[in-house]
Structure formats: C-alpha cells, structure tokens
Amino acid sequence: MMQRLHSLPRDTRDTLFLLLVVACCIAPLVAHIPPWASVLGALLLLWRGALAWRLHPLPSRPVIWLLLLAVTGFTLASFRTIVGPDAGVTLVVMLLALKTLELRARRDAMVVFFLGFFTLLSNFLFSQALGVALMMLLALLGLLTALVNAHRPAGRPSLASSLAAAARMALLGAPIMLALFVFFPRFAPLWGVPGDDTTGRSGLSGQMSVGAIAQLALDDSVALRVRFHTPGGEPPPQSALYFRGPVLSAFNGRDWYALLQPEARTLGWAIPAPAELQVQGEPVRYEMTMEASRRPWLLTLDVPAEPPQLPQGMRAQMTPELQWVTLRPVTSVLRYEAASYLRFRHGPRERTPMLRPYLQLPPDSDPRTRALAQSMRAELGGGAQALVDAALQRLRSGGYRYTLEPGAYGQNTADTFWFDRKEGFCEHIASAFVVLMRALDIPARIVTGYQGGEMNPLDGYWTVRQSDAHAWTEVWMQERGWVRVDPTGAVAPGRIGTLQRLQAPRGAFGTALGAVISPSMLQRLRSVWEALDNRWTQWVLNYTQERQLDLLKRLGLRDPDWRDLVRVLGLLAAAAALAGAAWVLRERYRLDPWQRLMQELHRHLRRAHLALPEHLPARTMARHLREAAGADAEPLADWLLRLERARYGAAPEEASPAELRRALRRLPWGALRQPRRPGAARPENGG
Amino acid sequence: MSSVAAPHAWLAARWQRWWMARVPPGDQLRLTQRNIYILPTGAGWMLALTLLILLVASINFQLNLGYLLTFLLAGCAAVSTWVSHATLRGLQLVLAPPTPQFAGTSVRLQVQLINTRASGRHGIALSLRQPRLWSWTDVPPQGSAALELSFAPARRGLQAVPPLAIQTLYPMGLFRVWAWWRPKAQVLVYPQPEAACPPLPAGEPLAGQGGAASSSASSEHGGVRAYRRGDAQRLIVWKKAAQALASGSDALVSRDAQADQRSQLWLSLQATALRDTEAALSRLAAWVLQADRLGLSYGLRLGAVTVAQGSGAAQRERCLHALAVH
C-alpha cells in the first residue's frame, strides 16, 4: 500500500491530498450538520478517493446534477429553507464534497478552494475556541499547500516543498493580517442575526425537561470565565457562587418553562410579581466573559442591582424574576463588567395575587406528592419555614441519592422521585421540591444557572463549565420575599459546599489515558490549556470596537472614531509600500560576494592600467595578465586560479570570498603597475 | 483583415503590434521590473469576491476569527503578488541559435532559463504567440532549465524568430505575471525538398577536356563504381559502404577517379526544367541532399550566385543556404 502510494501518478496523489484537506475542513462541522449530510459527505469523499486511487473516470455530468438536486432537496426538507446559517452551512459542505467529483480542470480546483474557505469560516459560527482555531489554521495551510501544488505543473514536486512555500506565504502575510485585524473598523451586524436557534447547542435554555441537564453535566466546555475585582482576586465564598440564568416557573407536569418562552403563555401566565429588589452591603465587582449562548440571558452572580456594563450597542434589562436579559441573543463571546450584592432581598413582602401562578400545578398530576403535602401540613401547620425544613430533612434522611445516571423518568416525575427512584440530580431534586412546595401552598420556582467553578492557578481566572450547570429553587415566604433554597445540598452536601463534582463515567479512552498520565498531571495540563484558551478569548475573541478605540487612545489620539482607524490603516499601507520600494532598490544594488570580489579586482586592475573586459573568466584573465605583465603578474595569476578553484572547485576547504579579498589586497600591486599605454592587455574572448 | 467580422481580434492584433514594437529585440533577456507585467487572473477576482463575502459574514456574525481568516487570506494574496513577481524577476533567458530547417518541418527553439538566485523558481511557462501552448518547467536554485518550443515557418528564407511569451501563475494562481520577448536571432529555412524527385542531372564535361564523352552513359552516377581490389582507401565512399554493410551486402563502392576527371555535376535552375521557381528550388534542394548522400562532388548555379564544386556537410550547407535565400 505504501509502495502504491509512492508510485501513484501525480494527479492521484494531489487529489488524495486535497480530499484529505477537504475532510479536515468538514470534520468539525459533523456535529452541527444533519446526520444525512455527514454520511453523504463522507461517502462522496470516499468515492472520489476510490476513483482517484483506481484511476477510474469521474462520474458524468447528469450524475452530478442529480446528486446536486438531491442534496438541495434534503437540505430543504431538513431546514424548510436553503438560506440562513444552518441550512447554508449544510449546503456549502455538500457543494464542497460534490465539487470534488468534478475536479478536472484548474477552474474546478479553484472553486474547491473557495468553497473550502467558506467551510473554514462556517466552523467559526459554532465555535471560536483555540482548539478549533488551530485546527482551522492547519486546514487553511493544507488548502494553501494544495493551491501552491496545483500551480507547479512541471514534474512531481514534493508536497513538503509546497507546504513550505504555503507556510512561508502565511508567515509573510501574518503582519498584514495583524494590522488589518487590529485596525479594521468593527461594524455592527449589517442585518439581523437569526434568533434563538437552539438545535445542537449546549448550554442553559428557557426550557427544562426533567433529565436534560444530564447532558450538560458531561459537557466539559467552558461556559463562563470570571475575574473578581476583589482585593487579591479572591472570589466570594464558594457557597455564594450562584450564577443566575433562566428562571423556570411554568410547569406542565413534565417540562418547566421560563416566562419568556411561548409555551409559558399557553400555561396561562400573565405578568409576574415585580422584582422589588433591596440590596445590602458592598457589591462584589467582577468581569465576566460569557461564551456565545445564542440566548438572551446574561449570567450574573446573584444579584446585580445595576445593569452590567455591556459593549456599545447592547442594552440589558432586568426581568421581574431578577434575570438580566439583552434584546439580542448573545451570539459571540461577550464580556461585561458587573457588580453583584451577595446580601439582598427581593419579591413582594406580602402575599399578593401576583404570586398565585407560582402555586400552579397541572391538575391530576403527582397525586402521591399532593398526599404527602397534605399529611405534612396536617402535622406541621402552615409555617413556611418549618415546611421547607421538613422537606429538606426528608431529603437528607429519606435515603435519597445524588447520581448523574438516574435513568428515564416517566409521568408524574415528582412522585417518581419522592417515592420510587429516590435518586437523581439537581433538576430532579429541584423539580420534585418545587412541586412539593406548591402542593404545600408555598409559591416556589426553579432557578437554573451555574454553581461553583474552579480557579485556574495560572492566570487567576475563575472558570465555570457547562458541567457546573445547576438548578436550585426559590420559595416565597411571608415578609422575607423570595428565598433561595438548594435542595440538592440536602441530598449531596458535597455538590454545593466543597464543589466536589460527581465524576462523569469515563470511557475506555479516558481510562487508558489515566493509566498513562497521572490525574494531577492531567489537571495541570488542563490548567495550561485553559489559561491559553482564556488568553485567546480575552485577546482575540474579545477584540471589539471599544478596545480598538482604546488602543488608538493609548497611541495618543484624543477622540478616536472609525475614521481614525482607516487613517491608521492607510498610514501602515503607505509605510509598507515605502518599505517595499526600499527593498527593491536594495535588491537592485545587491551583489553576491563573488561579484563584489570581481568588482574589486577590476578596480585594482584599472588602477594598475591593466584593465580587462569584465566578462572574462578568471583563467583567461590570468593568461592575459601573464602575457601583458610577465613574471610580475605571477602572484596575481595565482590568485585568479585560486579564485577559480574556490568558486568552482569541488573541495570544501577552499578559500572563502573574505580570505580571497584579504589576499587580493596584499598582492604586490605596486610592482604590477604598468605605464599607461593602450591595449596593455588585449581584450579577447574565449579561452 | 476582417475588421468588420471581428473588430475585437483586429484590435487585439493592433495592440499586440504596438506593444511588440516596444520590446527591444535580443537573444538574451534579463527579466526586471521594467519588462515584467502583472495582473489578476479570473481566479484572483474570484478570491476578491470570496474575501468580500467572508468579510461580510464576519461582520454580520461578529466573528473575530472570521476576520482573522479573511485577513490572513488577504495577506497571503498580497504576499503572493510579490512571490509571483519574484518568480520571474531576475531570471535570465538565453535562446540557442536555431538550427536551419527545411520548410514544412517545424523549427525547434531551445531556450535556457538561468537562475542565479539561491532559491528555486517554480511553475514558469514559455510559449509562442500562436499557438498558445505553454510548456512548463521549474528552474532549480543557482541552476538552469531548458525549454524547447517549436514553430512551423510559413515560408523559406531567413526569417525572424516569432516573439515569445513567458509567464507564471505561481504560487496561488491569483496573478498572472508575464513578459514578452522578441529574440533577435533569425532562423534559416531551406526550401522543402521535393518528395519524389527525378534522378540527378547529367554531369557536364570539364572545361579544357574537350571531346570527352558525357558520363551520362555511366550506369553509376557522378563517377562511382563497384570496389575493386587495390582501390585506395581514400577512394572508398564510406557513407555508401556503411549503408551497404547495414543492409547485409558488403559491396563497397569506390569513387571513379576517371569519371571525376571526365565530368562535373552542376545543379542549376535550368537543369530542373521547371518554370516555377519554388518548385525548381524544391527539386534543387532534393538534388543537393541526394548528391550529398552519394558523397558526390557537386556545384550549384543560381542566377548570379555560384557555389563552387565541393562535397561534404559544409558544401551541403552552402548550397542549401543559397537555395533558401534565393
């Protein structure tokens, strides 16, 4: 097989390489395009590879048209449209895979390259993490290599040399890229970004089916990065690290909905009770970097009284349920400053009709939980605090277990949790708890968000992952308003207090890796990677217009705007043009050391009135000089023969140009000097 | 010129002529800033469009990585103009003097591409204006490469080598860098030898040997006879001998010194008995080749021009040259 690989015709080798690069461009998209597209794309590439391998002819045009039609049809069926980012990405990937079947002429190759560039970009729609960026850089280098290779039609150039040429070009192009990146004015989106498309995206959402956060718990990707502006960067106590996200109040028996969701309206929700926030003490200031969630919630530490400071063009407002939301979904990494009060009270102090929806339960649901509530009320009376304590006590001592793999829950999830399974994780527990509270006539709701996180010792950033996603509850109490109750803490105190997380079951790969590298080593490696990734996020992904203008301010401009950015770019371009012109001049006057040596020789000869035509080779010059000056010219002739040996001889120990120059200056020029007479040395060709 | 039917072609031809008049002719060409041109190709414009779309997408989705990708591509494209230009800049072209050819066959032009730079030059192509068939080569660092082009001369005689174009698309095919080259060398085109020509004309009696019998009776032309024992080696027609040996019979042929003395072979327009000059020249060319093949001594009379008796390669060249420029 290897031998076959080396004896392949050049065309086949180039095609296989290009297919490999195309596969690399598409691979990260597999998670984001429909399964049929992934499978079809892989099949098409394999087919094309097999055709190239066996030197078979390409499929005819009608076959390709048919495939194109089918692909468009599938896309339409999957997305109901062929425009818009998701359908567009699928279509671009499919076109790229299809175009390889048509790879005949140079023009077709160019189309593959351009589609390849689009595919690279579409990867960034889904993730701009450092890992993706590195992979795309590799794919880009691969595309450029194939492009360079395609423009070396003679012979069979090695791919390594094409790669070297491509890398050199990318390296030389990098300063241009940097200048443009830093100074190209950042504009607001030209047209609206399509809204909350939730397909295939992890993160919190405005809806929670019991059991859904289980996937999040296995997702190790970063959700937030926080840097606390407290003295020494010390975070608040870990038990206070509740990052508030969507509040889920509407319940249909299985699913919980935030009030922003359309489903909440069908469940009969009107205007909720106002937030009525009162804060105490000093706020904790921090800087939050939130990964793109495609949803409008801004995650904040419970609870800021003032809106977070957002980049220009974005505004946030507080909902009655104390979340901060923006008008547009967060589609890219977003950084904001906020100040949160850890001590606060919110919600109405007295029981108002507006609280009534927080008591709603679907009729006929969870009968056993309702029965439990009745018996608890009968036993303990109407004191809300006592009822909450009793419920928490039940969780602590009733044999309830915290697990990430509770299995599927059927109808009546609260009954299943309280009486049958007795195991689950935060969302089962919180859901069952709120159902019990509502059955007890205590207004209650679920709050989702993130709890805890970990500090990266390398850069002091506090990292909160998707696996830190959490659900807790809020119950309303007379005169105290809404009070946070985390029932998960009652089942698994470790989950909240010391932030020891349940280990997700490790796959075979993880186990094998763990055997080779110690866990602490893995932890350190991860810290390094996370720190790098964070630098990446802070420097590259967060480079906004604001920071551009900040940079200009630091460069000394008083009131910069985008026109100044354009001016800076113009200046840089002019400077580059000048540098280019200087380079051209330099190149024109630059001679190699041998030519310089010969020039010096001719200068000496002219001074000695022994001038010879400049094109003569050294040996001929030696002959002419011997004829013209006799024995006096012997050292000079010797020198010339030495020069010839050094220049053209095979032996490596010959004199270098520098040595020869020194020897040239030491030659007995005084004795050589001829009385001025024409034709001292006959110029003559040949020899 | 059908300027009405194809004003475009006519304009292109005019433009070409105007341009060519500005290229100084020479058998060596050093490509410099002054004679290299660069323009984007279709693919180059296509990339510009792609970059625009990528930029708009980056703006619209607020993708900083998209900006990075777009600008890196733009940077590469900008660098590629430089690389493309440098691929030709400083390259030395040398045209080997073209060897004379017969009309009807193609003239081969050998061009040496000399690179004094420490890095190689890739994807360089050379072509005639018509037909536009590019031959590609790479030139190694501090080395040279040879390319061969051929063209079919339209007529006989001494004529200029047609202009050559040299171009490269390296490295990304976004820019075409090219130069025109008008070689100074001229190529000599002999008349096309007549394919099936009649036998050589009879020799003429030597002046001053009055009364000698015409040698036309001799069965062997131009004083050649079978080898007899005792013939001096220098009399043996080795060319014929080689042919004979190759064909298996080892019949040697000697020059008949007697016949040589008796008559001289003169080729002339009159001897062809053709009125059309070109046809006559064709026949004469064929005769010259035939006489040369037989190793005969012959001379050529062409109006005012006379090529004295002689034989061998030099004689053949002299005669063919005279025929070509007649």
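About the cut-offs
Residues numbered from 1 in each chain as written. Chains lettered and ligands numbered in written order. Predicted model: local features only at pLDDT ≥ 70, side-chain atom pairs only at ≥ 80, totals over all residues. Heavy atoms only, no water. Helix = DSSP H or I, 4+ residues; strand = E, 2+ residues; numbered from the N terminus. Buried < 20%, exposed > 50% of the residue type's maximum accessible area, 1.4 Å probe, protein only. Contact = heavy atoms within 4.5 Å. Areas by Shrake-Rupley, 256 points an atom, 1.4 Å probe, with all protein chains shown as cover. Salt bridge = Lys/Arg side-chain N within 4 Å of Asp/Glu carboxyl O. Pairing = 2+ DSSP bridges. Axes fitted to C-alpha atoms, helices over the stretch in contact; angles between N-to-C directions. UniProt positions renumbered as here; feature names shortened; annotations may be inferred. Buried area = accessible area lost by both parts, 1.4 Å probe. Polar contact = N/O pair within 3.5 Å; in protein donor to acceptor, adjacent residues only side chain to side chain. Parallel < 35°, antiparallel > 145°, perpendicular 65-115°, else oblique. Nonpolar A, V, L, I, M, F, W, Y, C, P; charged D, E, K, R; others polar. Phe/Tyr/Trp six-rings, centres within 6.5 Å; stacked < 30°, edge-to-face > 60°. Lys NZ or Arg CZ within 6 Å of the ring centre and 35° of its normal. Left-handed = near helix turned anticlockwise from the far one by under 90°. Core = buried A, V, L, I, M, F, W, Y, C linked by side-chain atoms within 4.5 Å. pLDDT = per-residue confidence, 0-100.

An unreviewed UniProt entry lists chain B under the name DUF58 domain-containing protein, with Comamonas flocculans as the source organism.

An unreviewed UniProt entry annotates chain A as DUF3488 domain-containing protein originating from Comamonas flocculans.

A. Representation of the overall build of chain A within the structure. The number of helices and strands found in chain A is 25 helices and 19 strands. Taken over 687 residues, chain A has a buried fraction of 49%. Pairs at least 24 residues apart make up 72% of the contacts formed inside chain A by residues separated by at least 6 positions. Surface summary for chain A: the accessible area is close to 33,300 Å², and the carbon and sulfur share equals 60%.

B. Spatial organisation of the pattern of salt bridges. Residues and elements named next belong to chain A. Tallied over the entire structure, the rule returns 33 salt bridges over all chains. We note a salt bridge from D441 to R351, for which the minimum N-O separation is 3.2 Å. In this pair, D441 is assigned in the loop between helix 14 (426–439) and strand 15 (444–451) and R351 in the loop between strand 12 (343–345) and helix 11 (367–380), connecting sequence segments 90 residues apart. Take R351: its relative accessible area is 39%, and that puts it in the partly exposed class. Ionic contacts of the salt-bridge type, sharing partners, join the residues R244, D302, E321, R445, E474 and R484 into one network.

C. Up close: the sheet that holds strand 9 (residues 157–160) of chain B. Residue and element names in this part refer to chain B. The sheet built from 3 strands is open, its strands ordered 4-12-9 with mixed pairing. Edge positions in the sheet fall to strand 4 (101–102) and strand 9, since each of these pairs with one other strand and no more. Where helix 8 (residues 313–325) meets the sheet, it contacts strand 4, strand 9 and strand 12 (186–190), and its direction lies at approximately 95° from that of strand 12.

D. A look at the UniProt feature "transmembrane region" (unreviewed entry) in chain A. Residues and elements named next belong to chain A. Here, UniProt's "transmembrane region" (unreviewed entry) annotation points to residues 64–97, 109–126, 132–150 and 162–184. Between the end C-alpha atoms of residues 109–126 the distance is 27 Å, and the span holds 100% helix and 0% strand. Between the C-alpha atoms that bound residues 132–150 there is a distance of 27 Å. The span itself is 100% helix and 0% strand.

E. Structural context of the interface of chain A and chain B. Residue-level contacts link 51 residues of chain A with 44 residues of chain B. Taking both sides of the interface into account, the surface hidden between chain A and chain B amounts to around 4,500 Å²; carbon and sulfur atoms contribute 77%. Among the residues chain A hides against chain B, the three largest losses belong to A:F114, A:L121 and A:M169. Together they make up 14% of the total. Counting the contacts that link chain A with chain B gives 1 salt bridge. The salt bridge partner of A:R152 is B:D138, with a shortest N-O separation of 3.8 Å. Connecting chain A to chain B are 5 residue pairs in polar contact (both at pLDDT 80 or more).

F. Molecular detail of the packing of helix 6 (residues 106–126) of chain A against helix 2 (residues 42–61) of chain B. The geometry of helix 6 of chain A relative to helix 2 of chain B is characterised by a closest axis approach of 11 Å and an angle of 10° between their N-to-C directions. Here helix 6 of chain A is positioned roughly parallel relative to helix 2 of chain B, judged by the angle of their axes. Residue-level contacts link A:R106, A:M110, A:F114, A:F117, A:F118, A:L121 and A:L125 of helix 6 of chain A to B:A43, B:M46, B:L47, B:T50, B:I53, B:L54, B:A57, B:S58 and B:F61 of helix 2 of chain B. In terms of residue class, the contact of helix 6 of chain A with helix 2 of chain B is made up of 13 nonpolar, 2 polar and 1 charged.

G. Representation of the UniProt feature "transmembrane region" (unreviewed entry) in chain B within the structure. Residue and element names in this part refer to chain B. Mapped onto the present numbering, the UniProt feature "transmembrane region" (unreviewed entry) falls at residues 36–59 and 65–83. Spanning residues 36–59, this segment combines 75% helix with 17% strand, and its end C-alpha atoms are found 38 Å apart. Helix makes up 100% of residues 65–83 and strand 0%, with an end-to-end C-alpha separation of 26 Å.

H. Just the pairing of strand 18 (residues 469–477) of chain A, in detail. All names here are of chain A. Taking burial as the measure, the 9 residues of strand 18 include 9 buried ones, the bulk of the element. By the alternation rule, side chains of strand 18 split into A469, A471, T473, V475 and M477 and H470, W472, E474 and W476, which are all buried. In this sheet, strand 18 lies alongside strand 15 in antiparallel orientation, the contact comprising 7 bridges. The partner of T448 across the bridge, within strand 18, is A471.

I. Quick peek at the packing of aromatic side chains. Per the counting criterion, the structure on display carries 20 aromatic pairs over all chains. Aromatic pair A:Y400 and A:W418: ring centres 5.7 Å apart, planes at 85°, arrangement edge-to-face. In this pair, A:Y400 sits in the loop between helix 12 (384–397) and strand 13 (401–402) while A:W418 sits in helix 13 (residues 413–421), placing the two residues 18 residues apart along the sequence. A relative accessible area of 8% places A:Y400 in the buried class. The buried category is assigned to A:W418, whose relative accessible area is 0%. With centroids separated by 5.6 Å and ring planes inclined at 15°, the aromatic side chains of B:W15 and B:W18 adopt a geometry described as stacked. Taken together, the residues B:W15 and B:W18, both in helix 1 (residues 7–20) and 3 residues apart, mark about one turn of the helix. Judged by its relative accessible area of 47%, B:W15 falls in the partly exposed class. Taken together, the ring pairs connect B:W15, B:W18, B:W19, B:Y37 and B:W178 into an aromatic cluster. Between the NZ or CZ atom of A:R445 and the centre of the ring of A:W482, over which it lies, the distance is 3.9 Å.

J. Just the packing of helix 5 (residues 85–99) of chain A against helix 6 of chain A, in detail. Residues and elements named next belong to chain A. Two numbers describe how helix 5 lies on helix 6: the axes approach to 9 Å, and their chain directions differ by 150°. The orientation of helix 5 with respect to helix 6, classified from their angle, is roughly antiparallel. In terms of crossing hand, the pair formed by helix 5 and helix 6 is left-handed. Here P85, D86, V89, V92, V93, L95, L96 and K99 of helix 5 lie close against helix 6, whose contacting residues are D108, V111, V112, L115, G116, F118, T119, S122, L125 and F126.

K. Representation of the sheet that holds strand 5 (residues 107–114) of chain B. All names here are of chain B. The sheet built from 4 strands is open, its strands ordered 1-3-5-8 with antiparallel pairing. Two strands bound the open sheet, and with one partner strand each, they are strand 1 (28–30) and strand 8 (144–151). Between one strand axis and the next, the sheet turns by 20° as a mean value, whatever way the strands run.

L. Local environment of the nonpolar core. Residue and element names in this part refer to chain A. With 90 residues, the main nonpolar core has F117 and L120 as its most contacted residues. Among the elements that take part in this core, helix 6 stands out by supplying 12 residues, more than any other. Core analysis: the second largest hydrophobic core is formed by 45 residues, W297, L395, A430 and L440 among them.

M. Quick peek at the confidence of the model for chain A. All names here are of chain A. Chain-level statistics for chain A give a pLDDT mean of 82 and a share of 87% at 70 or above. Helix 9 (residues 213–217) is the least confidently modelled element of chain A, averaging 56 in pLDDT, while helix 8 (residues 159–183) averages 93, the highest of any element. Long-range and interchain partners of residues 193–201, a stretch whose pLDDT sits below 50, account for 17 contacts in this model, where long-range means more than four residues apart. Across residues 497–506, confidence stays below pLDDT 50; counting only partners more than four residues off in sequence or on other chains, it has 20 contacts.

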